[in-house]
Amino acid sequence: MSTTTGSPADARLRALFEGRQLTPTQRRIAHCMVRRAAEMPYLSSVEVAELAGVSQPSVTRFAVALGFDGYPALRRRLREVVPAPADASQEGERVETNSYQRAVEAEIDNLRRLADALADPGPVREAGRLLAASRPLPVLGLRAAVAQAHGFAYFAAKVHPDVRLLTEGGSMLHDRIDGARRAGAGALLCFALPRHPKETVEALAHAREEGLTVVTVADSAFAPVAGVSDLLIPAAVGTGLAFDTACAPMLLGRVLLEAMCDRLPEAQARLEEFDARAASRGLFAE
């Protein structure tokens with residue numbers, strides 16, 4: 001599996017975890033730390049445990065598994081890896097914001113991190129090549145990821161000759177993946193967001209067994225789908241509201257559309273044909 005590098009701070013943080021043999025609980029802690037990187041250097045082990053939904057001793061064992069004497073040593077390392085914001089000294093001068101504003105600001109930070117990650121366009125270009133070449137192109141997204149999969153498939157169908165949207169689980173899901181493979185599909189695009197359905201992980205494992213190359217947009221390089229993805233491109237979700245917000249994964253989906261269009265010589269002609277048909281039908285109000 002390959003991933004994008006992310007911002008320098010994120011990349012250094014992930015470097016602490018990558019290549020380690022971590023238990024599922026420890027991967028959950030690592031996932032939480034990446035998602036809340038800016039907060040981690042200043043949280044206690046109890047606070048980290050609460051955020052990750054694990055026990056405090058699990059956080060201590062996680063630190064030891066990374067080679068530290070305990071959580072305090074890990075936290076000192078985190079303060080080196082994730083430096084304090086440049087304007088931290090002005091914290092007291094900031095105007096107090098409400099929870100709604102903070103949720104929006106957190107999403108803006110997620111978009112900035114995505115922009116930093118796209119400084120290396122290689123993974124996105126490779127994803128675009130794989131998606132453009134797959135005929136048909138299955139697009140998978142279950143539960144919280146349905147909207148992202150549906151939005152990608154809606155626009156992709158305007159330029160790609162055969163897009164197959166997979167947003168329903170159940171016993172038919174593997175059959176539909178098999179059908180796409182028999183029809184000639186070479187790749188599958190998956191959107192995977194918290195909480196990650198086991199069915200998504202199982203579907204991706206099945207797709208790889210059938211010979212499909214799995215390209216995944218996930219909220220973290222440590223998401224449960226990482227081990228069953230060939231190319232994973234992370235885009236963080238916001239967690240400041242009762243329900244997660246997914247502006248960065250949605251935008252990354254549009255970026256992948258652009259990369260796919262770049263590899264489809266007929267894309268522009270198809271768009272012009274659609275515009276002409278829409279005009280003749282009076283399809284849009286403007």
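Residues numbered from 1 in each chain as written. Predicted model: local features only at pLDDT ≥ 70, side-chain atom pairs only at ≥ 80, totals over all residues. Heavy atoms only, no water.

Chemist: Please explain the overall build of the chain as it appears in this structure.
Modeler: Secondary structure assignment for the chain yields twelve helices and six strands. In terms of overall dimensions, the chain has C-alpha extents of about 65 × 45 × 30 Å along its principal axes. A burial count over the chain gives 44% of its 286 residues as buried. Sequence-distant contacts, at least 24 apart, represent 69% of the contacts inside the chain between residues at least 6 apart. Of the roughly 14700 Å² of accessible surface on the chain, 52% is carried by carbon and sulfur atoms. Where the 33 positive side-chain charges of the chain centre and where its 35 negative ones centre are 4 Å apart. (Helix = DSSP H or I, 4+ residues; strand = E, 2+ residues; numbered from the N terminus. Buried < 20%, exposed > 50% of the residue type's maximum accessible area, 1.4 Å probe, protein only. Contact = heavy atoms within 4.5 Å. Areas by Shrake-Rupley, 256 points an atom, 1.4 Å probe, with all protein chains shown as cover. Lys, Arg positive; Asp, Glu negative; His and termini not counted. Charge placed at Lys NZ, Arg CZ, Asp CG, Glu CD.)

Chemist: What exactly am I supposed to notice about the packing of aromatic side chains here?
Modeler: Both the distance between ring centres and the angle between the ring planes are used here to describe each pair of aromatic rings. For the structure on display, the rule yields five aromatic pairs. In textbook terms, an aromatic cluster arises when at least three aromatic residues are bridged by ring pairs, as seen for Phe17, Phe62 and Phe222. Positioned above the aromatic ring of phenylalanine 274 is the side chain of lysine 158, whose terminal nitrogen or guanidinium carbon lies 3.8 Å from the ring centre. (Phe/Tyr/Trp six-rings, centres within 6.5 Å; stacked < 30°, edge-to-face > 60°. Lys NZ or Arg CZ within 6 Å of the ring centre and 35° of its normal.)

Chemist: Before we go on, may I ask you to explain the pairing of strand S2 (residues 137-140) in this structure?
Modeler: Residues in a regular strand project their side chains so that they alternate between the two faces of the sheet. Across the two faces of S2 the burial is the same, with Leu137 and Val139 and Pro138 and Leu140 all buried. One ladder, built from four bridges, connects S2 with strand S3 (residues 163-166); its direction is parallel. Each bridged residue has a counterpart across the sheet, and for leucine 137 the counterpart in S3 is valine 163. (Pairing = 2+ DSSP bridges.)

Chemist: What is the right way to look at the layout of surface pockets in this model?
Modeler: Any empty space left between the atoms is revealed when a probe the size of a water molecule rolls over them. In this structure, the second largest pocket occupies an estimated 1200 Å³ of space. Considering the residues around the second largest pocket, the lining is formed by 35 residues, among which Arg28, His31, Phe222, Ala223 and Pro224 are closest to the centre. Looking at the lining of the second largest pocket, the elements that each hand over two or more residues are helix H2 (24-35), helix H3 (45-52) and helix H10 (198-209). With seven residues, the top contributor of residues to the lining of the second largest pocket is H2. Within the lining of the second largest pocket, the residues separate by chemical class into 18 nonpolar, eight polar and nine charged. (1 Å grid on protein atoms, 1.4 Å probe; cavity = no way out; pocket = protein on both sides within 12 Å on 5 of 7 lines; lining within 4 Å. Points joined across faces, edges and corners; volume = space filled by probe spheres on them. Nonpolar A, V, L, I, M, F, W, Y, C, P; charged D, E, K, R; others polar.)

Chemist: What is the right way to look at the nonpolar core in this model?
Modeler: Generally speaking, a soluble globular protein has its nonpolar side chains buried in company with each other. Residues Phe152, Leu189, Phe191, Leu256 and Met260 are the most contacted members of the largest nonpolar core, which totals 32 residues. Among the secondary structure elements, those contributing two or more residues to this core are helix H7 (122-133), S2, helix H8 (146-156), strand S4 (187-192), strand S5 (213-218), strand S6 (231-234) and helix H11 (247-262). Per-element accounting of this core gives the leading share, six residues, to H11. With sequence-adjacent residues up to four places away left out, phenylalanine 152 is seen in contact with Leu131, Leu137, Val139, Leu189, Phe191, Gly253, Arg254, Leu256, Leu257 and Met260. One finds Val34, Ala37, Val54 and Leu78 within the second-largest nonpolar core, a separate group that totals 29 residues. (Core = buried A, V, L, I, M, F, W, Y, C linked by side-chain atoms within 4.5 Å.)

Chemist: Any chance you could explain helix H5 (residues 71-81) here in plain terms?
Modeler: Two residues of an α-helix separated by three or four positions point the same way, owing to the 3.6 residues in each turn. Here H5 has its buried residues at Tyr71, Ala73, Leu74, Leu78 and Val81. The buried residues of H5 occupy an angular sector of 155 degrees when the element is viewed end-on, so they sit on one face. Within H5, the exposed residues directed more than 90 degrees away from the buried face are Arg76 and Glu80. (Arc of directions from axis to C-beta.)

Chemist: Explain the pairing of S5 to me, please; I cannot follow it from the model alone.
Modeler: A large share of S5 lies buried, amounting to five of its six residues. Sheet topology places S4 next to S5; six bridges connect them, and they run parallel. Note on S5: the bridge partner recorded for phenylalanine 191 is valine 217. Crossover handedness for the path S4 to H10 to S5: right-handed. By the bridge criterion, four bridges tie S5 to S6 in an arrangement that is parallel. By the bridge assignment for S6, valine 215 is matched with leucine 231. (Right-handed = clockwise from strand over helix to strand, strands pointing away.)

Chemist: Can you help me understand the confidence of the model for the chain in this one?
Modeler: Low pLDDT means the predicted atomic positions in that stretch should not be read closely. Looking at the chain, the pLDDT average stands at 89 and 92% of residues meet or exceed 70. Taken as a whole, residues 87-92 scores under 50 in pLDDT and shows one contact with residues more than four places along the chain or in a different chain. (pLDDT = per-residue confidence, 0-100.)

Chemist: It is not clear to me how the packing of helix H6 (residues 99-117) against H11 should be interpreted in this structure. Could you clarify?
Modeler: Axis angle and axis distance: for two packed helices, these are the angle between their axes and the distance between the axes, and together they describe the pair. Between H6 and H11, whose axes approach to 9 Å, the crossing angle comes to 35 degrees. Where H6 crosses over H11, the two elements pack in a sense that is right-handed. Facing H6, whose interface residues are Glu107, Asn110, Leu111 and Leu114, H11 presents Cys247, Ala248, Leu251 and Leu252. Residues that form the contact of H6 with H11 fall into these classes: six nonpolar, one polar and one charged. (Axes fitted to C-alpha atoms, helices over the stretch in contact; angles between N-to-C directions. Left-handed = near helix turned anticlockwise from the far one by under 90°.)

Chemist: What is the right way to look at H3 in this model?
Modeler: Buried within H3 are the following residues: Ser45, Val48, Ala49 and Ala52. The arc that holds the buried residues of H3, viewed along the axis, is 100 degrees, so those residues lie on one side. Buried positions along H3 lie against H2, helix H4 (56-65) and H5. A positive phi of about 75 degrees marks glycine 53, the residue just after H3.

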